[in-house]
Amino acid sequence: MPAPARTRRIGFPESAEVPVYLTSLVGRDADVAEVCRLLRVSRLVSLVGAGGSGKTRLAAAVATELRRRHSGGVAWIDLASLADAGLVPCHVSATLGVREQPCVPAADCVIELIGSGAVLLVLDNCEHVLGASAALADALLRGCPALRIVTTSRQALGIPGEKAWLVPPLALPDDDASARQSPAVQLFVQRASDAMRGFELTDANTAAVAHICRRLDGLPLGIELAAARVKLLPPAQLAARLDSMLSLLATGSEQRLARHRTLRALIGWSYDLLSDDERRLLGRIAVFAGGFTLDAVERVAGDESLASEHVIDLLASLIDKSLVTAREWQGEARFGLLETVRQYALQATLDTGDVDALRARHAAYFVELAETAEPHILGGTRGTPWMTRLEHEHGNVRAALEWCGAHPDRTALALRLSAALLWFDFALGHFDEPRRAIQSAIDKSGDVSPLVRARALTALGYIALWTGDAPGVQRPLMTSVELLRGSESHTDLAFALIGLATAAGLGGNAEMAYGLFDEAEAALGNPVHFPRDDFPRALLYAFARYWRGSVAMAHGDLVLARASYEAAVDVARDWGSHPSIAHPLAALARVLVVQGELDAAQACLAESLPIHATNDDRWGLIQALEAAALLLERRGHMRDAARVIGATDRMRARSGISPTPAEQSQRAQLRAAVQAELGADRFHTAHADGETTPIARLIAIIAGTDGGAGDSDTSHDDEGVGAPGQDATPADLEVRALGPLEVFVGGRPLEGDAFGSSRPRELLLLLLCHPEGRTREQVGLEFWPDASAAQVKNSFH
């Protein structure tokens, strides 16, 4: 009997995780069950309804419920921060961790990633980019046969096969006697008790609470906004105020008010009850896209009319009134607005004429943030604090870039922001949007200093270099070099020269390349004399030496290549830059393999590979794994070599990282040698296995293939993934926590999506550190030290 086919689970990044809410979902069990049923018969279900009807919360509950059924993974994409519909495919691909591929549409890259995987994709907040969302959903469903999609929007997408499901209001009480069983009343009571400790439903207030819920048509957001006011008004007074407010919209009709008019009126009522300073702050924070930190709101919203030191108190008041949301992120509070509230507040601010000044401060803040982050993200390593912060601010950065690029007077800001984000864009594999933004700003006639223009041109040249656009590399980099020669900006000149030298060398002109590398190193100076706080200069020196070695390797000069890589490693070690150590070490390993020093090559890879894996450096992993495949072939471990080739083929296809001509030739020769040794069938079986083998397992395989493990491929089991010489019986549970968390159950990898979010992973590690066990209270103290017992209980759900 043939073995069942394995479903490939896709490791989506943290940015695509389903939102986790600390408050419970009230009255939606039947709705969750119905949407799950619809997804069994339709591949596209759109949750439609007015703003505030609970579409996003329902979609999150459905995604959580179905996570284990979708063996390929579950991914969440929030489209609320997008202003340009044309960016929908790029935003989706970037959120899913897909790097752009030259001349390949972003939608095709996503299709290649998902393939035949049984993936559930949620597209949240589609209404303002409806046409683009519909086109993308249609393309993905046609290209991915096992994909299912849930969308949330105020209207259906309108494409074939779609099941549009109107999100109903929460069930209302038939009479006061049944109020306690009503989900709408239960939600009011929960949120009111959050706002005012000790609030409960009593005989005295039941009728008023039930009346409030009926007047608000059972809309969850409306009920939450009203409940937040119980500190100010008891339910009876609150009900009277609502009657007065909503009767103005009734225009004499006996029919129930349209929900969107009811909600807008309620938001307007809540807005009018705010103090002048609260209204001013709410309108100002509406310029943020995708959330904001306290520092950002103090800098952007504060001015002579709203002192920065008062912002935190006003923000706390808006949170109490359910108009602003708050959550913790990396030990720092992060705030946001529900999209319905944001739109209302932004319109109110537009009416005052203050938006341009606000957007100017918003743009200036994020330009400064990007330029502050730039020295810390050189090399484009993901997972570092500054890189992660920029990822969370991507919506704000994009909004700032759009505003800056909309007028010639803002050209300098647009170019500064684009140049500072170069390594951020590299880490995300996100090139088309920045390329267009830079080119558009350069084409405008704004007053821009030579340094700002040169830095932007350097970024444009590197984007062309990274995307394989050979004709687009030389002109911007040469112009940048001309602008920078003779200036005091030595590091900017060196960076431009390194890019130009690399393009020349890999393009065949080694003599020109070496001359430009010499000029770059002269601009940087002797690394022995670098100030200890000048990390960018040291990193660029290692960068120059690395690429000099790569040019030498491409031209067959192994002596120069080895010396250049070793010099790069020495500088990086001196400065403690682990990514800068890992890259030249992997390249040095290839040189050592060619020179026959296999043990030395393996030592280089044993140090390089874990660094790349920890940093999620895909380009570095590919370089190191391809060197490892060559080492395995020279060791005689052909099946493992084929596995690693399979892994690198898959990584290149997913990331859009194309090999250089020299690398392509080396890859073809290695593939042919391994296939000739194994035979076509065995090669393809091992190659397919490598495509699904976790990176940590591949690293273990490579670490176990030393000269003493056997000099032929015969020691390997066809189905095993362990290193030669190891016990083939897998442990019941194996957890690897040095680097990315890897969990194996009975030898099979348990992918990250199985946990649902980061907290279950953290709980597993906490329990492993305490074999005697932990009570719920003890775990609560570790994870939520400031939460109440009820909040801790909710969090465990």
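Residues numbered from 1 in each chain as written. Predicted model: local features only at pLDDT ≥ 70, side-chain atom pairs only at ≥ 80, totals over all residues. Heavy atoms only, no water.

### Quick notes on the packing of helix H21 (residues 450-466) against helix H23 (residues 490-506)
The axes of two packed helices give the description: the angle between them and the distance between them. As a reminder, the rule being used: Lines fitted to C-alpha atoms define the axes, with helix axes restricted to the stretch in contact, and inter-axis angles between N-to-C directions lie between 0 and 180 degrees. Comment: elements are numbered from the N terminus, with helices defined as DSSP H or I runs of at least four residues and strands as E runs of at least two. Here the angle decides the label: under 35 degrees means roughly parallel, over 145 means roughly antiparallel, 65 to 115 means roughly perpendicular, and every other value means oblique. Crossing chirality is assigned from the near helix's rotation relative to the far helix, an anticlockwise turn below a right angle marking it left-handed and a clockwise turn marking it right-handed. Two residues qualify as a contact provided that any one of their heavy atoms is within 4.5 Å of a heavy atom in the partner residue. Polar here means any residue other than Ala, Val, Leu, Ile, Met, Phe, Trp, Tyr, Cys and Pro, which are nonpolar, and Asp, Glu, Lys and Arg, which are charged; Gly is therefore polar.
In contact at an axis separation of 10 Å, H21 and H23 are set at 30° when each is read in the N-to-C sense. Between H21 and H23, the angle falls in the class roughly parallel. In terms of crossing hand, the pair formed by H21 and H23 is left-handed. For the pair formed by H21 and H23, the contact residues are Leu451, Arg455, Thr458, Tyr462 and Leu465 on the first element and Asp492, Phe495, Ala496, Ile498, Gly499, Thr502 and Ala503 on the second. Looking at the contact of H21 with H23 residue by residue, the classes come out as seven nonpolar, three polar and two charged.

### Let's talk about helix H2 (residues 55-66)
Let me state the cut-off plainly: Under the convention used throughout, the expected extent of a helix is 1.5 Å for every residue step, that is, one less than its residue count. Here the term buried applies to any residue with accessible area under 20% of the maximum for its type, exposed to any over 50%, and partly exposed to those in between, with areas from a 1.4 Å probe on protein chains only.
Over its 12 residues, H2 runs 16 Å from end to end, which matches the ideal 16 Å to within 8%, given 1.5 Å per residue. Taken together, the buried positions of H2 are occupied by Lys55, Arg57, Leu58, Ala59, Ala60, Val62, Ala63 and Leu66.

### Regarding the pattern of salt bridges
The test is simple: For salt bridges, the criterion is a side-chain nitrogen of Lys or Arg within 4 Å of an Asp or Glu carboxyl oxygen.
Evaluation of the coordinates by the stated rule reveals 35 salt bridges. Across the salt bridge formed by Asp432 and Arg435, the nearest N and O atoms sit 3.5 Å from each other. Of the two residues, Asp432 and Arg435 both sit in helix H20 (residues 432-443), three residues apart, roughly one turn of that helix. The partly exposed category is assigned to Asp432, whose relative accessible area is 29%. The partner of Arg652 in a salt bridge is Glu626, and the shortest N-O contact between them spans 3.0 Å.

### Brief notes about the confidence of the model for the chain
Low pLDDT marks stretches whose predicted atomic positions should not be read closely. Rule in force here: One confidence number per residue, pLDDT, is output by the predictor and ranges from 0 to 100.
Of all residues in the chain, 88% have pLDDT values of 70 or greater, and the mean over the chain is 84. Across residues 248-258 the pLDDT falls below 50, and counting only partners more than four positions away or on other chains, this stretch makes nine contacts in the model. Contacts for the low-pLDDT stretch residues 707-712, under 50 throughout, to residues beyond four places or in other chains number nine contacts.

### Details of the nonpolar core
What counts, and what does not: Joining through side-chain atoms within 4.5 Å is the link that ties buried Ala, Val, Leu, Ile, Met, Phe, Trp, Tyr and Cys residues into a set, and such a set is a nonpolar core.
Ranked by internal contacts, the top residues of the largest apolar core, which has 183 residues, are Phe188, Leu281, Leu282, Ile285, Phe288, Val297 and Val674. Here this core takes 12 residues from helix H25 (residues 535-554), the largest share from any one element. Setting aside anything within four residues of it in sequence, one finds Phe188 in contact with Phe199, Val209, Ile212, Cys213, Ile223, Ala226, Ala227, Val230 and Leu238. Ranked by size, the runner-up nonpolar core spans 34 residues in total, among them Val119, Val129, Leu141 and Ile149.

### Thoughts on unusual backbone geometry
Unusually for a residue other than glycine, Asn125 sits at a positive phi of about 65°. Looking at where Asn125 falls in the secondary structure, it is placed in the loop between strand E3 (119-124) and helix H5 (130-143).

### A word on helix H1 (residues 29-41)
Counted only if it meets this: Arc definition: directions from the helix axis to the C-beta atoms.
Spanning 13 residues, H1 covers 19 Å between terminal C-alpha atoms, matching the ideal 18 Å at 1.5 Å per step. Three or more residues of H1 are buried, namely Asp31, Val32, Val35, Cys36, Leu38 and Leu39. Each buried residue of H1 sits inside an arc of 160° when the element is viewed along its axis, so together they form one side. For H1, the exposed residues set more than 90 degrees away from the buried face come down to Asp29, Ala30, Arg40 and Val41. The inward-facing, buried residues of H1 abut strand E1 (44-48), H2, E3, strand E4 (148-153) and strand E5 (162-166).

### Topic: a nonpolar patch on the surface
Rules: Each patch is built from salt-bridge-free residues with over 30% relative accessible area, joining like charges within 9 Å and nonpolar side chains (Val, Leu, Ile, Met, Phe, Trp, Tyr) within 5 Å. Calculation of accessible area relied on Shrake-Rupley with a 1.4 Å probe; when residues are assessed, cover is drawn exclusively from the protein chains displayed.
Side chains of Leu733, Val745 and Leu768 sit close together on the surface and give an oily, nonpolar patch of about 260 Å² of accessible area. If you trace the backbone, Leu733 turns up in strand E9 (residues 733-736).

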